[in-house]
Amino acid sequence: MMAGEKGRQALLSVLKGEMPWRRPVWFMRQAGRYLEEYRRVRAQAGSFLDLCYSPELAAEVTLQPLRRFDVDAAILFADILLVPQAMGVALSFQTGEGPVLEPVRDMAAVERLADASTAAAALEPVYETVRILRRELPAHATLIGFCGAPWTVATYMVEGGSSPERLRTRMAAMRGEEWLAALIEKLVEASAAYLVRQVEAGAQVVQIFDTWAGDLGDGLRERYVTGPIRSIIERMREMGADVPVIGFARGIGAAQLAFAREAGVAAVGCESSMPVDYMREVLVPKVVVQGNLDPLAVIAGGDVLEEGVQRLLSLPKERHIFNLGHGFRPETPVEHVERMMALIREEDDAGRVV
Ligand code: CP3
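Before going into details, it helps to say that this report is about the structure given with it. Note that this is a predicted model, so its numbers are computed, not measured. (Residues numbered from 1 in each chain as written. Predicted model: local features only at pLDDT ≥ 70, side-chain atom pairs only at ≥ 80, totals over all residues. Heavy atoms only, no water.)

1. As for the state of the cysteines
For step 1, the next point in the chain: On inspection of all chains with the given rule, the structure shows 0 disulfides.
For step 2, the next point in the chain: The thiol of Cys52 is not disulfide-bonded; the next cysteine sulfur, from Cys147, is found 15 Å away.
For step 3, the next point in the chain: Looking at Cys52, the relative accessible area reads 1%, which means it is buried.
For step 4, the next point in the chain: Overall, Cys147 belongs to the buried group, its relative accessible area being 1%. (Disulfide = S-S within 2.5 Å. Buried < 20%, exposed > 50% of the residue type's maximum accessible area, 1.4 Å probe, protein only.)

Right under this line is the structure:
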């Protein structure tokens, strides 16, 4: 490792409470179908899952956005649903329909799931992707590993795939079903083991994606969102992985403050509906914030994009990781991403001390 390399990693600096050399930027789903080079490699791999399990190709698509845009991080190319698959749940991705999983809806199905170390061992190709990436990444780029949060992963397992309202899972939570609690507990253990292996392979930061955290109000949020994420982080620490964790509890709004205090995260990912004033005044004094440009603003371009970027640049750069409020969509024009990057980097170019 070159001297001073870590100090040049803007994302790590902010997560450690230091002044970064520039505002750190990365984007959720920065690798994906909006890039033609991704579509080519994806076709070569055959299927999305084949791509996830082919370390050379997965590393290649992880690196693609870094060749186009001057971002500060690479996010491992994989999927949150590899964990249930590794636990023994049949998984497929149907074109245009999203994921299809064998449903888990009672205690017998939960008991059939593989234990944490078996599940983590089945994901060896992912750790190989991480090892390749650590060798190939430029020195300023931080490697982010990830997993899905227990609540979000459980919704896909219980519903058997994507579901607009996730009513079955939410009702099981409301009723305090024991099998759901047992499922969450198993996901905590498997996710912690998986993240520890990613860190051992070279991940420098991890993000926990709780896309559907906003499903639950006071009373249930602690039990199914904050508590399980805190447990994953505690288990990681016990197993010796002490990298910073970004918690993306999407859609919890004003509960982000309590989440920041209680989950043990170094940063919170904010959804697009969160006011930037609220981020600055309420969250920034307590925690590093990540987000929250609306991915649709990047599709629209023009004034809505320029204004959205400027609003976020009003956040102090030592407390903010520039990102979207949710992932890029396939119809995102690459030129609009280039424009967004230019607007963000203008700030650092203008403010640089010579
Ligand atoms: O660039 C990155 O962000 C890293 C890779 C990554 C993917 N999925 C690749 C992917 C990450 C971090 C995820 C997380 C993920 N996966 C989440 C949480 C974040 C979010 O988006 O809310 C969720 C809910 C999933 C589950 C999932 N994976 C669904 C519901 C779908 C189908 C919808 C869709 O966009 O097609 C996927 C597929 C998926 N995961 C794709 C990619 C690039 C598209 C697959 C393709 O190439 O056809």
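2. Quick look at the pairing of strand E9 (residues 320–324)
For step 1, the next point in the chain: With 5 of 5 residues buried, E9 lies mostly within the body of the structure.
For step 2, the next point in the chain: Burial along E9 is two-sided: the residues His320, Phe322 and Leu324 and Ile321 and Asn323 are all buried.
For step 3, the next point in the chain: Alignment of strand E8 (residues 288–293) against E9, held across 5 bridges, turns out to be parallel. Bridge assignment links Leu293 to a residue of E9, and that residue is Leu324. (Helix = DSSP H or I, 4+ residues; strand = E, 2+ residues; numbered from the N terminus. Pairing = 2+ DSSP bridges.)

3. Things to note about helix H4 (residues 55–68)
For step 1, the next point in the chain: A maximum bend of about 25° is found in H4 at Thr62, where proline Pro65 lies one to four positions downstream.
For step 2, the next point in the chain: Within H4, 10 of the 14 residues are buried, which leaves the element mostly enclosed by the surrounding structure.
For step 3, the next point in the chain: Of the positions making up H4, those classed as buried are Pro55, Leu57, Ala58, Ala59, Val61, Thr62, Leu63, Gln64, Pro65 and Leu66.
For step 4, the next point in the chain: Residues of H4 that are buried sit in contact with helix H2 (36–45), helix H3 (48–52), strand E1 (73–75) and helix H8 (124–136). (Bend = angle between axes of the 7 residues up to and from the residue. Contact = heavy atoms within 4.5 Å.)

4. Things to note about the sheet that holds strand E5 (residues 205–210)
For step 1, the next point in the chain: Ordered in space as E1-E4-E5-E6-E7-E8-E9, the 7 strands form an open sheet in which the pairing is parallel. Strand pairing shows two members of the sheet lacking a second neighbour, E1 and E9, which therefore form its edges. Each strand axis lies, on average, 25° off the axis of its neighbour in the sheet, ignoring direction.
For step 2, the next point in the chain: With 2 bridges joining them, strand E6 (residues 245–249) and strand E7 (residues 267–269) adopt parallel strand pairing. Residue pairing across strands places Gly247 opposite Val268, the latter belonging to E7.
For step 3, the next point in the chain: Across the sheet, helix H12 (residues 221–238) lies against E5 and E6, angled at about 155° from E5, the strand it touches most. (Axes fitted to C-alpha atoms, helices over the stretch in contact; angles between N-to-C directions.)

5. Section: the site of the ligand
For step 1, the next point in the chain: Looking at the ligand, there are 24 residues lining it, with Arg33, Tyr38, Arg42, Asp79 and His326 nearest.
For step 2, the next point in the chain: At 3.4 Å, a backbone N or O of Gln30 approaches an oxygen atom of the ligand.
For step 3, the next point in the chain: One of the backbone nitrogen or oxygen atoms of Ala31 is found 3.3 Å away from an oxygen atom of the ligand.
For step 4, the next point in the chain: For the ligand, whose unbound accessible area comes to 870 Å², protein coverage reaches 89%.
For step 5, the next point in the chain: Cavity membership is defined here by more than half of the atoms lying within 2 Å of grid points; on that basis the ligand lies in the largest pocket.
For step 6, the next point in the chain: Mapped onto the shell around the ligand, the elements with two or more residues apiece are H2 and strand E3 (98–101). (Near = heavy atom within 4 Å. Polar contact = N/O pair within 3.5 Å; in protein donor to acceptor, adjacent residues only side chain to side chain. Areas by Shrake-Rupley, 256 points an atom, 1.4 Å probe, with all protein chains shown as cover. 1 Å grid on protein atoms, 1.4 Å probe; cavity = no way out; pocket = protein on both sides within 12 Å on 5 of 7 lines; lining within 4 Å. Sits in = over half its atoms within 2 Å of the grid points.)

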